[in-house]
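Given next are the chains, with one letter for each unit.
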Amino acid sequence: MKKTAILLVNLGTPDAPTPDAVRRYLREFLSDTRVIEIPKVIWQVILNCFVLTTRPKRVAHAYQSVWMDGGSPLLVILKNQAKDLQDILAQQGIDIPVYPATTYGNPSAKSVMTDLMSQGVESFIVLPLFPQYSATSTAAAFDKIAKLLLNTRNVPELNFIKDYHDHPDYIEALAQSVERYWAEHGRADKLLMSFHGIPKPYADKGDPYPEQCRTTAVLLADRLGLPMDAWAISFQSRFGAQEWLKPYTDELLGEWGAARFSVQVISPAFSADCLETLEELAVENRDNFLEAGGRAYDYIPALNTDELHIQMMAELVQQYI
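Residues numbered from 1 in each chain as written. Predicted model: local features only at pLDDT ≥ 70, side-chain atom pairs only at ≥ 80, totals over all residues. Heavy atoms only, no water.

In the annotation of an unreviewed UniProt entry, the entry for the protein chain reads Ferrochelatase, and the organism field reads Moraxella catarrhalis. Regarding the protein chain, the relevant UniProt record gives this comment under Sequence similarities (unreviewed entry): "Belongs to the ferrochelatase family." Within the UniProt record for the protein chain, the comment given under Function (unreviewed entry) is "Catalyzes the ferrous insertion into protoporphyrin IX." (UniProt positions renumbered as here; feature names shortened; annotations may be inferred.)

K.L.:
I'd like a rundown of the overall build of the protein chain, residues and numbers included.
P.N.:
Along its length, the protein chain carries 11 helices and 8 strands. Taking 2.2 N^0.38 as the reference for a compact globule, 321 residues should give roughly 20 Å; the C-alpha atoms of the protein chain span a radius of gyration of 20 Å, in line with that estimate. Each principal axis of the C-alpha distribution contributes one length, and for the protein chain these read about 60 × 50 × 40 Å. Relative to its 321 residues, the protein chain shows a buried fraction of 55%. Across the protein chain, every contact between residues at least 6 apart in sequence was considered, and the portion connecting residues at least 24 apart equals 78%. (Helix = DSSP H or I, 4+ residues; strand = E, 2+ residues; numbered from the N terminus. Rg over C-alpha atoms; globule rule 2.2 N^0.38 Å. Buried < 20%, exposed > 50% of the residue type's maximum accessible area, 1.4 Å probe, protein only. Contact = heavy atoms within 4.5 Å.)

K.L.:
How would you summarise the pairing of strand β6 (residues 231-236) if you had to cite specific residues and measurements?
P.N.:
Within β6, 6 of the 6 residues are buried, which leaves it mostly tucked inside the rest of the structure. Here β6 shows no split at all, with W231, I233 and F235 on one side and A232, S234 and Q236 on the other all buried. Two strands pair when backbone bridges link them, and strand β5 (residues 190-196) and β6 are joined in this way by 6 bridges, in the parallel orientation. By the bridge assignment, L191 is partnered in β6 with W231. (Pairing = 2+ DSSP bridges.)

K.L.:
Would you mind going over unusual backbone geometry in detail, with residue names and values included?
P.N.:
The omega torsion across N106 and P107 is 0°, close enough to zero to call that bond cis. Relative to the assigned elements, P107 resides in the loop between β2 (98-105) and α4 (109-118). With an omega of 5°, the peptide bond running from K246 to P247 counts as cis. Relative to the helices and strands, P247 resides in the loop between β6 and α9 (249-258). The phi torsion at R260 lies on the positive side, around 70°, for a residue other than glycine. Of note, R260 is situated in the loop between α9 and β7 (262-266). Positive phi values are uncommon outside glycine, yet N304 reaches one of about 50°. Note on placement: N304 falls in the loop between β8 (296-299) and α11 (307-318).

K.L.:
Please give an account of the side chain of S123 that cites residues and values.
P.N.:
Relative to the assigned elements, S123 resides in strand β3 (residues 123-128). Among the residues examined, S123 registers a relative accessible area of 4% and is labelled buried. A polar contact of 3.2 Å, which involves the side chain of S123, links it to the side chain of E157. Every residue in contact with S123, bar those within four places of it in the chain, is listed here: K2, K3, T4, A5, P156 and E157. (Polar contact = N/O pair within 3.5 Å; in protein donor to acceptor, adjacent residues only side chain to side chain.)

K.L.:
Give me the sheet that holds β5: which residues, what numbers.
P.N.:
Spatial ordering of the open sheet is given by β6-β5-β7-β8, a layout of 4 strands whose pairing is parallel. In the strand order of this sheet, the two ends are held by β6 and β8, each with one partner. Going from strand to strand, the sheet's axes swing by 25° on average, the running direction of each strand aside. Note: β5 against β7, 4 bridges, orientation parallel. Its bridge partner being in β7, K190 is matched across the sheet by V263. (Axes fitted to C-alpha atoms, helices over the stretch in contact; angles between N-to-C directions.)

K.L.:
Before we move on, could you go through the sheet that holds strand β4 (residues 157-160) and cite the residues and values that matter?
P.N.:
If you walk across this open sheet you meet the 4 strands as β2-β1-β3-β4, and the pairing is parallel. Every interior strand has two partners, whereas the edge strands, β2 and β4, have only one. Taking each pair of neighbouring strands and ignoring which way they run, the sheet shows an average axis angle of 30°. In terms of strand pairing, β3 meets β4 through 4 bridges, oriented parallel.

K.L.:
Quick rundown of the pattern of salt bridges? Include the residues and the values.
P.N.:
Under the defined criterion, the tally for this structure stands at 15 salt bridges. One salt bridge in this structure joins D20 and R23, with 3.0 Å as the shortest N-O distance. Highlighted residues: D20 and R23, both in helix α1 (residues 19-30), separated by 3 residues, approximately one helical turn. Residue classification places D20 among the partly exposed residues on the basis of a relative accessible area of 49%. Residue R23 is classed as partly exposed on the basis of its relative accessible area, which comes to 23%. Measuring nitrogen to oxygen at the nearest pair gives 3.5 Å for the salt bridge that ties K144 to E28. Of this pair, K144 sits in helix α5 (residues 138-150) while E28 sits in helix α1, and the two are 116 residues apart along the sequence. (Salt bridge = Lys/Arg side-chain N within 4 Å of Asp/Glu carboxyl O.)

Spelled out as structure tokens, the structure:
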């Protein structure tokens, strides 16, 4: 058999919760034309003269509030997911190593694959941990790998898993996480499924992300038996002045707060808790919701190392083994 390795890929993280480290990370991330489609010359002026001079300090402060021993939450959880997936596969008699990798920052997919190819790995199974496909996330990860292989003489076999937004075990894992939270904390008036947003023009050009998000939301609501007035879908983390996917999470929460609802929020687009969930959703949006008059606000954690979540990953990669 060919020597095979599995890569679990997530977006990435700064190396430290400092302005300098955040600036390096944002420069790489926001220079990707998959992420920002503004003409490059114009965008580089905006990026270097405005974004990178003001944003790193604020983002670093937010990272400091969630930083963990061993790194950012996303990276710590990604490493644990890789270990748990390798353990589950080993229990099934499949002895294949699993490595964490990131599209931006470290450990980069490029550096991980380069190192493994030097050790004789000839076949890769790449699982980007983005349940819903988007050119801004999944395709960006593929680009990094493709650029590496462009300069590789002996190209390895590559199996790249595109998405899993409607996988039964993914929906079931989400549903069970909500039900466990309900069992411990009770139900709120509303369940909000908040997905990371993308600019609306990207969707207009054919990005399937919003439709896949809606499919995930409908499947989860159906599995939980929720009536239409008990849940909603929204999109968070918009950046810049252009229109993004709607409804916006912060605006919808403002309306629900004014209506005196209680709310529980889950973010099915994130396979691991990170800055956008632990700081933006769990803290910033909670404070704004309560200030608007909301009665109670709770964030339901991402699937992280949930056992069924890891089992789903095993099912996804097994078809290529």
